[in-house]
Amino acid sequence: MSALVVEDLQVQIPGPDREPITIVSEIGMRVEPGRILGIAGESGSGKTISSLAVMGLLPRGSRVTGSILLGGTELVGMRESQLRGLRGRRVAMVFQDPLSSLHPMLTIGAQMTDHMRRHLGLNRSDATRKAADLLGRVRLPNPQKLVDVYPHQLSGGMRQRVAIAIALACDPQVLIADEPTTALDVTVQAGILELFDQLRSEIGIATVVITHDLGVLSSIADDMVVFQSGRIVESGPSGELFTAPKHPYTRTMLAALSTVTRDEQSTPERR
Amino acid sequence: MTTPDTAPVLTVQDLVVAFKRPDHAVVRAVDGISLDLRPGEILGVVGESGCGKSTVARAVMGLAPITSGSVEFRGTPVRTLGRRSRPAGLRPVQMIFQDSAAALNPRRTVGAQLAEAVRARADEPVAAREREREVAGLLDRVGLPSTAAGRYSHEFSGGQRQRIALARALASRPEVIVADEPISALDASSQAYVAELFMDVCRDASIGLLFISHDLGIVRAISDRVAVMYLGKVVEQGRTADVWNDPQHPYTRALVDAIPVADGAHILPRTLAGEVPDPAAVPSGCPFHPRCPRAIDDCAVIRPVLELKRHTEVACIRVPGGVELSSPPVVRAH
């Protein structure tokens, strides 16, 4: 069974004069366990709003129609109190800036165990043991010591690994990562991409990676969807999408990249 | 493209910036670097977090303590600012900060802030109508409508705020703009637009731009030359295309290899082993040797100096070139 199936999703949010504004419509996508779905598209194309809809984190007064099936459970129309039980437990999210998504005044261990004790009903010592396990799983060194440090004591890449460990704490079926490497150094980014790749094969999680960076998607995504102006204009296996794009917008996007490369390759001869 | 014989507007010579940490360890955040910048030229400074690139920017502005070495703008030395005001002679050197929300005044309209910058620059009083026209002109140069003048900074997006910060810098008729991670706090998709605007504005007005960023893709797209920093030192510097197409230093190589390629081949970018060492305990010899895939025993002993090898300047004893020539190398001014 697919971990996440979105069909004919439409999201409207209240505008400045309370008139509903349609942000995305006719959105359909699907992620299987152990696979990575890449969402590409420029800012304002609706990629983040679609993922927030899956998380049930849309602005107050938003209207969602269509279907979001999370492991067979329909999320559209669910009450906030029910959604709260799913969020973090069956679907979890990682954001662009790990410093603002972590609590600065709590140790890594405290923010990890709080979450696990609430959702999984673990006692303090079991939760702490599990926290250290998770920190090891995201390849952080000395996990036993790390539970006692504060976010500011870690580098940006380590913080993003902690954010991923927290997201994994309740064994979610789906992990949504919104621009997870955009704020990081390229060397650190390479490590995080490797981690997503490892998690996919080790724990078989279904991952959704949202990014404007096509290079990132080319290296880790199995399947891709391309957003433009609130709609999906192209979807398919990522290899095909990069080598034989069908929609004019995807072609333009890739062509923009290749002109940069061509220019640079011709430069040495000009010297 | 800049003509190579124009005199540099900004010269940084053997700059050292040292700090004492609370644990009393001395950190040489910038450890003897030399750079120059010509009118209309864009010099990108790249490197991982903590390599000292922002400290270079701050030292150029007089905001970081210059321990030794020099920074000169058209022959005028930049000194570390104390309590006195910044010398008027340095007004043509302007800075753009990462956090545009903090750089702008939230309680004054955009127009008022730009008008103040115009007034500060002009030697004689400028008539209100004249100022207004200049403010509208500044906004136009950064692609904002003149109606933006009546609004407050919080009414704008991060990208628009950074454009307002650029407009304010332009009010001083700058010859040098130092931009410290100007796009990293922006939404991913407005980054390219803002970077391109910086490039166009500086080229058009012959402003030298020192562009500090950890985003290699953007630096590659807009810079004429690139300096790659590691632990307070420049390890490689040269023309952007040369550095990118044929990086000589193993660290530059590692950075370039870590950039994922959008070719649909599903290949993970190569990672670089280890973490950046504690800057208070810089490794002996070449600071990069503990992480370097090409290191030999000598690398832990010999401090490499930056010298011209092939087409870029490189600080690495493993890269053949310059020193191994049988005839004396041609001395090139830079």
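Just so you know, these numbers come straight off a predicted model, no measurement behind them.

Cut-offs used in this document
- Residues numbered from 1 in each chain as written.
- Chains lettered and ligands numbered in written order.
- Predicted model: local features only at pLDDT ≥ 70, side-chain atom pairs only at ≥ 80, totals over all residues.
- Heavy atoms only, no water.
- Helix = DSSP H or I, 4+ residues; strand = E, 2+ residues; numbered from the N terminus.
- Rg over C-alpha atoms; globule rule 2.2 N^0.38 Å.
- Buried < 20%, exposed > 50% of the residue type's maximum accessible area, 1.4 Å probe, protein only.
- Contact = heavy atoms within 4.5 Å.
- Core = buried A, V, L, I, M, F, W, Y, C linked by side-chain atoms within 4.5 Å.
- Buried area = accessible area lost by both parts, 1.4 Å probe.
- Salt bridge = Lys/Arg side-chain N within 4 Å of Asp/Glu carboxyl O.
- Polar contact = N/O pair within 3.5 Å; in protein donor to acceptor, adjacent residues only side chain to side chain.
- Nonpolar A, V, L, I, M, F, W, Y, C, P; charged D, E, K, R; others polar.
- Phe/Tyr/Trp six-rings, centres within 6.5 Å; stacked < 30°, edge-to-face > 60°.
- Axes fitted to C-alpha atoms, helices over the stretch in contact; angles between N-to-C directions.
- Parallel < 35°, antiparallel > 145°, perpendicular 65-115°, else oblique.
- Left-handed = near helix turned anticlockwise from the far one by under 90°.
- Pairing = 2+ DSSP bridges.
- pLDDT = per-residue confidence, 0-100.

Participant: Any chance you could explain the overall build of chain B here in plain terms?
Facilitator: When its secondary structure is counted, chain B shows 9 helices and 12 strands. Its C-alpha radius of gyration of 21 Å places chain B within 12% of the 20 Å reference for a compact globule of 334 residues. Relative to its 334 residues, chain B shows a buried fraction of 50%. For chain B, restricting intrachain contacts to residue pairs at least 6 apart in sequence, the fraction spanning at least 24 positions comes to 63%.

Participant: Teacher, can you tell me more about the nonpolar core here?
Facilitator: The tendency in soluble globular proteins is for nonpolar side chains to be buried as a group. Ranked by size, the top nonpolar core spans 60 residues in total, and within it B:Leu166, B:Ile177 and B:Phe211 carry the most contacts. It is helix α6 (residues 191-204) of chain B that contributes the most residues to this core, 7 residues altogether. In contact with B:Leu166, not counting residues within four places along its chain, are B:Ile96, B:Val142, B:Ile177, B:Leu197, B:Phe198 and B:Val201. By size, the runner-up hydrophobic cluster in this structure holds 49 residues, among which are A:Val162, A:Ala167, A:Cys170 and A:Leu254.

Participant: Is there a simple way to think about the interface of chain A and chain B in this case?
Facilitator: Interface size is commonly expressed as the accessible surface area that is lost when the partners come together. Between chain A and chain B, the residue contacts involve 38 residues of the former and 32 residues of the latter. In total, chain A and chain B occlude about 2600 Å² of area from one another, counting both sides; carbon and sulfur atoms represent 57% of this. Remark: the boundary between chain A and chain B carries 0 salt bridges. Linking chain A with chain B are 7 residue pairs in polar contact (both at pLDDT 80 or more). Broken down by secondary-structure element, the contributors of at least two residues to the side of chain A that touches chain B are α8 (186-203), α9 (214-220), α10 (238-243) and α11 (248-270) of chain A. It is α8(A) that provides the largest number of residues to the side of chain A that touches chain B, a total of 9 residues. When its residues are assigned to classes, the side of chain A that touches chain B shows 13 nonpolar, 16 polar and 9 charged.

Participant: Where do I start with unusual backbone geometry in this structure?
Facilitator: Across the chain, the bulk of peptide bonds are trans and the bulk of non-glycine residues have phi less than zero. With a phi close to 45 degrees, B:Asp14 is a non-glycine residue in the positive phi region. Positionally, B:Asp14 belongs in strand β1 (residues 10-20).

Participant: Got a minute to help me understand the packing of aromatic side chains in this structure?
Facilitator: Aromatic ring pairs are described here by two measures, namely the spacing of the ring centres and the angle between the planes. Residues and elements named next belong to chain B. Taken as a whole and assessed by the stated rule, the structure comprises 3 aromatic pairs over all chains. For the ring pair Tyr230 and Phe288, a centre distance of 5.1 Å and an interplane angle of 80 degrees mean the geometry is edge-to-face. Residue Tyr230 is found in strand β9 (residues 225-230), and its partner Phe288 is found in the loop between α9 (250-257) and β11 (307-309); the two are separated by 58 residues along the sequence. Here Tyr230 falls in the buried class, since its relative accessible area comes to 1%. Taking the centre distance of 5.1 Å and the plane angle of 65 degrees together, the rings of Tyr251 and Phe288 count as edge-to-face. Residue Tyr251 is found in helix α9, and its partner Phe288 is found in the loop between α9 and β11; the two are separated by 37 residues along the sequence.

Participant: Even after reading the chapter, I still don't get the pattern of salt bridges, so can you show me in this structure?
Facilitator: Between side chains of opposite charge, a pair can form when the charged atoms approach closely. Enumeration over the complete set of coordinates arrives at 30 salt bridges over all chains. Residues A:Asp223 and A:Arg35 are paired through a salt bridge, measuring 3.0 Å at the closest nitrogen-oxygen approach. Taken together, the residues A:Asp223 in strand β9 (residues 223-228) and A:Arg35 in the loop between β2 (20-31) and β3 (36-40) connect sequence positions 188 residues apart. On the accessibility criterion, A:Arg35 (32% relative accessible area) is partly exposed. Measuring nitrogen to oxygen at the nearest pair gives 2.5 Å for the salt bridge that ties B:Arg74 to B:Glu175.

Participant: Looking at this structure, I do not really get the packing of helix α4 (residues 108-120) of chain A against helix α7 (residues 156-168) of chain A. What am I missing?
Facilitator: A pair of packed helices is characterised by two quantities: the angle between their axes and the separation of those axes. Residues and elements named next belong to chain A. For the pair α4 and α7, the least separation of the axes is 9 Å and the interaxial angle reads 20 degrees. For the element pair α4 / α7, the angle class is roughly parallel. Considering only the axes of α4 and α7, their crossing is right-handed. Along its contact with α4, which presents Ile108, Gln111, Met112 and His115, the element α7 presents Val162, Ala165 and Ile166.

Participant: Which parts of the structure should I look at to understand the sheet that holds strand β7 (residues 174-178) of chain A?
Facilitator: Hydrogen bonding along the main chain pairs the strands of a sheet, whether they run parallel or antiparallel. All names here are of chain A. As summarised here, the arrangement of the 6 strands in space is β6-β7-β8-β3-β9-β10, forming an open sheet in which the pairing is mixed. The open sheet is flanked by β6 (91-94) and β10 (231-237), the only strands paired with a single partner. Across the sheet, the mean angle from the axis of one strand to that of its neighbour is 15 degrees, orientation sign disregarded. In terms of strand pairing, β6 meets β7 through 4 bridges, oriented parallel. Paired with Val91 across the two strands is Val174, which belongs to β7. Where helix α1 (residues 47-55) meets the sheet, it contacts β3, β6, β7, β8 (206-210) and β9, and its direction lies at approximately 145 degrees from that of β6. Across the sheet, α7 is in contact with β6 and β7; its angle to β6 comes to roughly 170 degrees.

Participant: Looking at this structure, how should I read the confidence of the model for chain B?
Facilitator: Detailed reading of the predicted coordinates is not advisable wherever pLDDT falls low. Residues and elements named next belong to chain B. Put simply, chain B has an average pLDDT of 90, and 94% of its residues get 70 or more. In this model, residues 323-334 is a region of pLDDT below 50 whose contacts with residues beyond four sequence positions or in other chains number 5 contacts. As a predicted assembly, this complex carries a pTM of 0.84 together with an ipTM value of 0.81.

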